Amino acid sequence: MNDNIHINVSHEVLVWARESLALNRTQASTSTGISPNRMIQLESGEKQPTLEELRSFSKTYKRTIATLLLNRPPKEKPLPNDRRTIDSKKLGQFHEKTIMAVRKARALAQSFVELREEMGIPFPLFKLTASITDNPQHVAGKIRQLLKLNEIREIGNIRFALEAYIERIESFGVAVFQLSLTQDNVRGFAIVDDIIPIIGIKRGGEPPHSKTFTLFHELGHILLNEGAISDLSLNPQWELEKWCNAFAAEVLVPTSELLQMSILREYQEQSQKIWAKKDLVDLANHFHVGPLAMLRSLLENGLTTKAFYKEKHEKWNKPQFGRAKNPEGRNLAKEAVQEKGKTYIGLAFKAFDQNRINIKDLSDFLGVKLSYIPKTRQLLNA
């Protein structure tokens, strides 16, 4: 086909596709290689794009050519509310990678539901609710009982514990995905306006205990029926974020249990509020949280000083804290299992093994090439 053939395209769709990724014309012109004047002509309907230009738009806007050929812009659900602790002028402004992560989560949720329908397993209806006027500690206690989280406490490996927490939450009707959130200081998001409630947590760059806190923070948003994109600041400006932080902290570190720990009684008997790192880490590991989150709980219960907490917060609250010293290269099969979760991946293989889907469908559901399927199954069973 001649790439110079002009294609009849709705200029409104071109504008929508650009704006849906929060790109201005200058940025789109740079990414596509199409001049600014030509962009104006195409977006005003004065001119029609060539096939080559349409391909450039498709690549830049992360939209299929079929989507760009629609007669009118499709209706698309908005992003969750921006609840980051940033300058108010920047609220609602996201990098295209953050937008794509939210878009991907919605698509994965749709696939998850389709897989369950294919297997004749309806997705559970999430019925749990809370109000911001409710005491977050009381709500956390109820959630701990319903999800039987004490059983997971017995798991010593925090990575395995995270997987167990995710599977337990998914069993109540929430889809959880670990996605590449590398921009905007985003650590997680919650979506409440889709086919099912969705939690997205940052896949790379954070240790499992940080992901665990994010997981329950976003579950708080689901309970409140308030979608959000969050940075999980320890000093948020939003009451909603404060509630979700308090909820997540109490879920993971129940105050009643914390106060019964023998190490706490030893420190109290000695009137000691400056914690040794080893004691703090051991206590944090017991509750599947990081040392900073543990220290925050101690502070809220008057078991450490603000000065000590501030000192450690400045030292530990850095992007590199808790990361692997020698991070491995990309492992696409591992990323697929982490991203979609073992429940989703296991269901896809089960559907394939029962001849409900073919190998190409399996590849599509897993999001990996055919050659990576054996390794993905191996990781699932690890």
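Rules used throughout
Residues numbered from 1 in each chain as written. Predicted model: local features only at pLDDT ≥ 70, side-chain atom pairs only at ≥ 80, totals over all residues. Heavy atoms only, no water. Salt bridge = Lys/Arg side-chain N within 4 Å of Asp/Glu carboxyl O. Helix = DSSP H or I, 4+ residues; strand = E, 2+ residues; numbered from the N terminus. Buried < 20%, exposed > 50% of the residue type's maximum accessible area, 1.4 Å probe, protein only. pLDDT = per-residue confidence, 0-100. Contact = heavy atoms within 4.5 Å. Axes fitted to C-alpha atoms, helices over the stretch in contact; angles between N-to-C directions. Left-handed = near helix turned anticlockwise from the far one by under 90°. Nonpolar A, V, L, I, M, F, W, Y, C, P; charged D, E, K, R; others polar. Pairing = 2+ DSSP bridges. Expected span 1.5 Å × (residues − 1). Core = buried A, V, L, I, M, F, W, Y, C linked by side-chain atoms within 4.5 Å.

> Explain the pattern of salt bridges here, please?
If the charged atoms of two oppositely charged side chains come close together, the side chains can form a pair. For the structure shown, the criterion picks out 23 salt bridges. Glutamate 43 is paired through a salt bridge with arginine 25; the nearest N and O atoms lie 2.8 Å apart. Here glutamate 43 is found in helix 3 (residues 36-44), whereas its partner arginine 25 is found in helix 2 (residues 25-32), with 18 residues between them in sequence. Notably, a salt bridge pairs aspartate 282 with lysine 278, separated by 2.8 Å at the nearest N-O pair. One end of the pair is aspartate 282 and the other is lysine 278, both in helix 14 (residues 277-286) and 4 residues apart, which spans about a single turn. The exposure class of aspartate 282 is partly exposed, given its relative accessible area of 39%. With a relative accessible area of 60%, lysine 278 lands in the exposed category. A cluster of three or more residues bridged by salt bridges with shared partners is formed by Lys104, Arg203, Glu335, Glu339 and Lys340.

> Just to check I follow, could you spell out the confidence of the model for the protein for this structure?
The predicted coordinates of low-pLDDT regions are not to be read in fine detail. Of all residues in the protein, 95% have pLDDT values of 70 or greater, and the mean over the chain is 89. Counting contacts from residues 320-326, a segment whose pLDDT is below 50, to residues more than four positions away or on other chains yields 5 contacts.

> Explain the environment of lysine 202 to me, please; I cannot follow it from the model alone.
Here lysine 202 lies in strand 4 (residues 198-202). As a C-alpha pair, lysine 202 and leucine 179 span 23 residues in sequence and 5.4 Å in three-dimensional space. Look past the residues within four positions of lysine 202 in its chain and what remains in contact with it is Gln178, Leu179, Leu181, Val186, Arg187 and Lys211.

> Just checking my understanding: could you explain the packing of helix 6 (residues 96-118) against helix 17 (residues 332-353) for this structure?
The geometry of helix 6 relative to helix 17 is characterised by a closest axis approach of 10 Å and an angle of 35° between their N-to-C directions. Here the hand of the crossing between helix 6 and helix 17 comes out left-handed. Across from Lys104, Leu108, Ser111, Phe112, Leu115 and Arg116 in helix 6, the residues of helix 17 making contact are Glu339, Lys340, Thr343, Tyr344, Leu347, Ala348 and Ala351. Tallied by class, residues from the contact of helix 6 with helix 17 come to 7 nonpolar, 2 polar and 4 charged.

> What is the right way to read the pairing of strand 3 (residues 188-191) from this model?
Each regular strand shows side chains that alternate between the opposite faces of the sheet. Here strand 3 shows two buried faces, one formed by Gly188 and Ala190 and the other by Phe189 and Ile191. As paired elements, strand 3 and strand 4 share 4 bridges and run antiparallel to each other. Within the sheet, the bridge partner assigned to phenylalanine 189 lies in strand 4 and is glycine 200. Connecting strand 3 to the antiparallel partner strand 4 that follows it, the hairpin turn spans 6 residues. As paired elements, strand 3 and strand 5 (residues 228-230) share 3 bridges and run antiparallel to each other. Bridge pairing in strand 5 places glycine 188 opposite serine 230.

> Is there a simple way to think about helix 6 in this case?
Note: α-helices contain 3.6 residues per turn, so residues at a spacing of three or four share the same orientation. In this model helix 6 runs 33 Å from its N-terminal to its C-terminal C-alpha over 23 residues, within 8% of the 33 Å that 1.5 Å per residue would give. The first or second residue beyond helix 6 is glycine 120, which carries a positive phi of 75°.

> Hey, could you run me through the nonpolar core in this one?
In a soluble, globular protein the nonpolar side chains are often hidden away together inside. If you look at the biggest cluster of nonpolar residues, it comprises 56 residues, and the most contacted ones within it are Phe216, Leu219, Leu283, Met294 and Leu298. Ignoring anything within four residues of it in the chain, the contact list for methionine 294 reads Val253, Leu258, Leu280, Leu283, Ala284, Phe287 and Val289. In this structure, Met119, Val186, Ala336 and Val368 belong to the second largest nonpolar core, which totals 53 residues.

> Quick question: what am I supposed to make of the sheet that holds strand 2 (residues 175-179) here?
The strands making up a sheet associate through hydrogen bonds between their backbones, and the pairing can be parallel or antiparallel. Spatial strand order, 1-5-3-4-2: 5 strands in an open sheet with mixed pairing. Bordering the open sheet on either side are strand 1 (81-82) and strand 2, each of which pairs with just one other strand. Relative to strand 5, strand 1 runs parallel, the two being bridged by 2 bridges. What sits directly across from aspartate 82, in strand 5, is isoleucine 229. Contacts from helix 6 reach strand 2, strand 3, strand 4 and strand 5 within the one sheet, and its direction differs from that of strand 2 by about 140°. Along the sheet, helix 10 (residues 208-224) contacts strand 2, strand 3, strand 4 and strand 5; its crossing angle with strand 4, the most-contacted strand, is approximately 155°.

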